[in-house]
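One letter stands for each residue in the lines below.
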Amino acid sequence: MEAQLKKELGTSTLKATGHSGGGCISEGQSYDTDNGRVFVKINHKSEAKRMFVGEMASLEAILKTNTVKVPKPVKVLDLERGGSVFVMEHVDMRSLTKFSAQLGEHLADLHLHNQKQREKQSKQEQTVGKGSGQSEVPAIDQFGFDVPTCCGYLPQNNDWQEDWVAFYAQQRLGHQLDLVEKSHGDREARELWSKLQLKIPQLFADVTVVPALVHGDLWGGNVAECSDGPIIFDPASFYGHSEYELGIAGMFGGFNKSFYTAYHGKIPKAPGFEKRLQLYQLFHYLNHWNHFGGGYRGSSIRIMKDLVK
């Protein structure tokens, strides 16, 4: 692998630094090269390339907004013996402590970025005539993403849709429940889902959802800070509802009061926020059920029962 990396990165130096990382899905290792230090994620599964291509596209999309710091992606490579690697900038990181509030502000800026682009584009069209004054990041008016992204190792269907409720019900919850059905044939989950589908539109009765670029997997393990501020990584991005982001953020800890205060200072809670938060957490409990087994069944069923009351 190291000989291949040297060749692909055009470097005569490739020295492991002793910095390693990784999570439940991939391993990671940092290397010094002629062009500075890089972090390399390694995964030997056959689906690894799809996962890394989605992550690279996510990082590129977030970078273009110039709102919240992420590692700069370099390239995705196929390994000669199977699997893939994803090379990105190495960043010295430590646990998020003093920059929590700043992360809340920066995340809100990320979520508001597309709305601002839409407003800017609308003004340009009115004043200069349609099609001129294109900004670097185009305004997006649908929900989805240009490539599939993976939350964990499971791919997400990011085909574009105009309606958020349909997108979320079909391409997030419906997809996860199809996987549950294939693996577990859970009758209670199936019956609850048939009822919940009818209730979902009611949870959005008083809300206008503007497409927002989301990180997509923002739990405490995917945030940190470096010397100059907060950083987020391991994204599974798409254009969705900004509130979706806060679903997993609230499930496993890692975000303190200052984070939420700063975030909601820029994006106040809309009517019905708490119920929709449960709806968004449901996706992640189902996704964990599909990744890690029945330990997450109870939480998934409990939320579905609560939402169909």
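Quick caveat: nothing in here was measured; it's all calculated off a predicted structure. (Residues numbered from 1 in each chain as written. Predicted model: local features only at pLDDT ≥ 70, side-chain atom pairs only at ≥ 80, totals over all residues. Heavy atoms only, no water.)

J.: I'm lost on the overall build of the chain in this one. Help?
T.: When its secondary structure is counted, the chain shows nine helices and 11 strands. In terms of overall dimensions, the chain has C-alpha extents of about 60 × 55 × 40 Å along its principal axes. Counting all 309 residues of the chain, 52% fall into the buried class. Contacts in the chain between residues at least 24 apart in sequence constitute 65% of all its contacts with a sequence separation of at least 6. Just so you have it, the chain exposes about 14700 Å², and 49% of that area is on carbon and sulfur atoms. The positive charge centre, built from 35 side chains, and the negative charge centre, built from 36, are 3 Å apart in the chain. (Helix = DSSP H or I, 4+ residues; strand = E, 2+ residues; numbered from the N terminus. Buried < 20%, exposed > 50% of the residue type's maximum accessible area, 1.4 Å probe, protein only. Contact = heavy atoms within 4.5 Å. Areas by Shrake-Rupley, 256 points an atom, 1.4 Å probe, with all protein chains shown as cover. Lys, Arg positive; Asp, Glu negative; His and termini not counted. Charge placed at Lys NZ, Arg CZ, Asp CG, Glu CD.)

J.: Sorry, what's going on with the pairing of strand β3 (residues 36–43) here?
T.: For a regular strand, side-chain orientation follows a simple rule: the groups alternate between the two sheet faces. Of all eight residues making up β3, six are buried, and the element is well covered by its neighbours. As defined by bridge partners, strand β2 (residues 27–33) adjoins β3 across seven bridges and the pair is classed as antiparallel. Note that in β3 the partner of Gly 28 across the bridge is Lys 41. (Pairing = 2+ DSSP bridges.)

J.: It is not clear to me how unusual backbone geometry should be interpreted in this structure. Could you clarify?
T.: Leaving glycine aside, a negative phi is the common case for residues, and trans is the common case for peptide bonds. Positioned with a positive phi, Asn 66 is a non-glycine residue whose angle comes to about 55 degrees. Within the secondary structure, Asn 66 sits in the loop between α2 (48–65) and β4 (73–78). For Asn 66, a relative accessible area of 72% translates into the label exposed. Phi is positive for Asp 234, which is not a glycine, with a value near 50 degrees. Inspection of the secondary structure puts Asp 234 in the loop between β10 (229–232) and β11 (238–240). Owing to a relative accessible area of 29%, Asp 234 belongs among the partly exposed residues under this scheme.

J.: What should I look at first to understand the packing of helix α5 (residues 187–199) against helix α9 (residues 297–308) in this one?
T.: A pair of packed helices is characterised by two quantities: the angle between their axes and the separation of those axes. Direction vectors running N to C along α5 and α9 enclose 35 degrees, while the axes themselves pass 9 Å from each other. For the element pair α5 and α9, the recorded crossing hand is left-handed. Here Glu 188, Ala 189, Leu 192, Trp 193, Lys 195, Leu 196 and Lys 199 of α5 come into contact with α9, specifically with Arg 297, Ile 301, Met 304, Lys 305, Leu 307 and Val 308. For the contact of α5 with α9, the per-class residue count stands at eight nonpolar, no polar and five charged. (Axes fitted to C-alpha atoms, helices over the stretch in contact; angles between N-to-C directions. Left-handed = near helix turned anticlockwise from the far one by under 90°. Nonpolar A, V, L, I, M, F, W, Y, C, P; charged D, E, K, R; others polar.)

J.: Help me understand helix α4 (residues 164–184) in this model?
T.: Side chains that are three or four residues apart share a direction in an α-helix, a result of its 3.6 residues per turn. The terminal C-alpha atoms of α4 lie 28 Å apart, and with 21 residues this matches the ideal 30 Å at 1.5 Å per residue to within 8%. In the segment just after α4, Gly 185 is the residue with positive phi, at about 50 degrees. (Expected span 1.5 Å × (residues − 1).)

J.: Looking at this structure, I do not really get the nonpolar core. What am I missing?
T.: The nonpolar side chains of a soluble globular protein tend to be buried with one another. Ranked by internal contacts, the top residues of the largest apolar core, which has 73 residues, are Trp 164, Leu 173, Ile 200, Phe 204 and Leu 279. When residues in this core are grouped by element, the largest group, nine residues, is from helix α8 (residues 273–292). Beyond its immediate sequence surroundings of up to four residues, Ile 200 is in contact with Val 165, Ala 169, Leu 173, Trp 193 and Leu 279. Residues Leu 14, Ile 42, Leu 79 and Val 85 belong to the second largest nonpolar core, which totals 11 residues. (Core = buried A, V, L, I, M, F, W, Y, C linked by side-chain atoms within 4.5 Å.)

J.: Sorry, what's going on with the environment of Trp 289 here?
T.: Within the element layout of this structure, Trp 289 appears in helix α8. For Trp 289, a relative accessible area of 2% gives the class buried. Sequence-distant contacts of Trp 289, that is, excluding residues within four places in its chain, are made with Val 180, His 184, Asp 186, Ala 189, Gly 294, Tyr 296, Arg 297 and Ser 300.

J.: How do you make sense of the packing of aromatic side chains when you look at a structure like this?
T.: What the rule picks out here adds up to 18 aromatic pairs. Pairing Phe 52 with Phe 86 gives two aromatic rings, centres 6.0 Å apart and planes at 40 degrees, and the pair type is tilted. A residue pair is termed long-range when its members are at least 10 positions apart, and Phe 52 in helix α2 and Phe 86 in strand β5 (residues 84–89) qualify at 34 residues. On the basis of an interplanar angle of 50 degrees and a centroid distance of 6.4 Å, the ring pair of Phe 292 and Tyr 296 is categorised as tilted. Sitting over the ring of Phe 238, Arg 172 keeps its end group 4.3 Å from the ring centre. One Lys or Arg, Arg 276, reaches over the ring of Phe 204 and ends 5.9 Å from the middle of that ring. (Phe/Tyr/Trp six-rings, centres within 6.5 Å; stacked < 30°, edge-to-face > 60°. Lys NZ or Arg CZ within 6 Å of the ring centre and 35° of its normal.)

J.: How should I be thinking about the pairing of strand β9 (residues 223–226) in this particular structure?
T.: Burial along β9 is two-sided: the residues Val 223 and Glu 225 and Ala 224 and Cys 226 are all buried. Summarising the sheet, β9 and β10 pair through four bridges and their orientation is antiparallel. Bridged to Glu 225 within β10 is Pro 230. Linkage of β9 to β10, two consecutive antiparallel strands, is achieved through a turn of two residues.

J.: Looking at this structure, how should I read the side chain of Glu 245?
T.: Here Glu 245 shows up in helix α6 (residues 245–249). Within the buried core, Glu 245 has no salt-bridge partner, and the shortest N-O distance to an opposite charge, that of Arg 172, equals 10 Å. Among all residues touching Glu 245, those that are not within four sequence positions of it are Leu 107, His 111, Val 214, His 215, Gly 216, Asp 217 and Leu 218. (Salt bridge = Lys/Arg side-chain N within 4 Å of Asp/Glu carboxyl O.)

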